[in-house]
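# Observations on the three-dimensional arrangement
In case you want the letters, here they are:
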Amino acid sequence: MAFEIEFDPDALKDLKKLDRPIQQRLLGFLRQRVAVLDNPRDIGEALSGAALGNYWKYRVGDWRIVCDIQDSRIVVRVLRIGNRREIYR
C-alpha cells in the first residue's frame, strides 16, 4: 500500500525556486523513501503546536518538507518546502 505524493501550489512554488540538484534530491527522497512506505510516519516527525499539530516534517539535509498525511485517501500532501532556517516562519 504505497502512498501517493501530491503537491500544494505553494510547495510547487517553493520547489521551483531551488537549484536543480536540490530539487532532484528532495523529489528523490519523496519518491524513494516516503511514497513506498506503508506508514510514512515511520521516518517523519510530527510538528507540535496548535496551528501545526496535524502536520509532519521530513528532514533532507538542511531542507525541510512539511506534509499533511491523509490516511483516508492514501496521500502525502506536500504543503511547504524550504531551508530549516526559514520554513517555520
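Another aspect to go through is unusual backbone geometry. For I74, which is not glycine, the phi torsion reads 55° and is therefore positive. Position of I74 relative to the elements: it lies in the loop between β4 (63-70) and β5 (75-83).

Right, let's talk about helix α2 (residues 20-34) for a bit. For α2, with 15 residues, the first-to-last C-alpha span of 20 Å sits near the 21 Å given by 1.5 Å per residue. Q23, L26, G28, F29, L30 and V34 are the residues of α2 that are buried. In this structure, the buried side of α2 is in contact with β1 (4-7), α1 (9-16), β3 (56-60), β4 and β5.

Right, let's talk about α1 for a bit. Residue pairs spaced three or four apart in an α-helix point in one direction, given the helix's 3.6 residues per turn. When we look at burial in α1, the residues that qualify are A11, D14 and L15. For α1, the arc enclosing every buried residue in end-on projection is 100°, short of the 170-degree limit, so these residues lie on one face. Exposed side of α1, more than 90 degrees from the buried face: P9, K13 and K16 are the residues found there. Buried residues along α1 sit against β1, α2 and β5.

What follows covers the nonpolar core. Here is a general trend for soluble globular proteins: nonpolar side chains tend to be buried in one another's company. L26, Y58, I65, V78 and I81 are the most contacted members of the largest nonpolar core, which has 18 residues in total. Setting aside residues up to four positions removed in sequence, I81 forms contacts with F7, A11, D14, L15, L18, L26, R64, I65 and I87.

Another point: the sheet that holds strand β2 (residues 45-46). An order of β1-β5-β4-β3-β2 is seen for the 5 strands of this open sheet, with the pairing classed as mixed. Looking at the sheet topology across the chains shown, the edges are occupied by β1 and β2. In this structure, β1 lies alongside β5, joined through 4 bridges in parallel fashion. Pairing of E6 across the sheet is with R77, part of β5. Most of the contacts of α1 go to β5, to which it runs at about 40°, and overall it touches β1 and β5.

We now examine the environment of D38. Relative to the elements of secondary structure, D38 occurs in the loop between α2 and β2. Expressed as a C-alpha distance, the spacing of D38 and I74, which sit 36 residues apart in the sequence, is 9.4 Å.

With 4 of 5 residues buried, β3 is to be regarded as a mostly interior element. For β2 and β3, the ladder comprises 2 bridges, and the chain directions are antiparallel. By the bridge assignment for β3, A46 is matched with W56. In terms of strand pairing, β3 meets β4 through 5 bridges, oriented antiparallel. For V60, the partnering residue across the bridge sits in β4 and is W63. In textbook terms, the turn of a hairpin is the stretch between consecutive antiparallel strands, and for β3 and β4 this stretch comprises 2 residues, one of which, G61, has a positive phi near 65°.

Conventions used here
- Residues numbered from 1 in each chain as written.
- Predicted model: local features only at pLDDT ≥ 70, side-chain atom pairs only at ≥ 80, totals over all residues.
- Heavy atoms only, no water.
- Helix = DSSP H or I, 4+ residues; strand = E, 2+ residues; numbered from the N terminus.
- Expected span 1.5 Å × (residues − 1).
- Buried < 20%, exposed > 50% of the residue type's maximum accessible area, 1.4 Å probe, protein only.
- Contact = heavy atoms within 4.5 Å.
- Arc of directions from axis to C-beta.
- Core = buried A, V, L, I, M, F, W, Y, C linked by side-chain atoms within 4.5 Å.
- Pairing = 2+ DSSP bridges.
- Axes fitted to C-alpha atoms, helices over the stretch in contact; angles between N-to-C directions.

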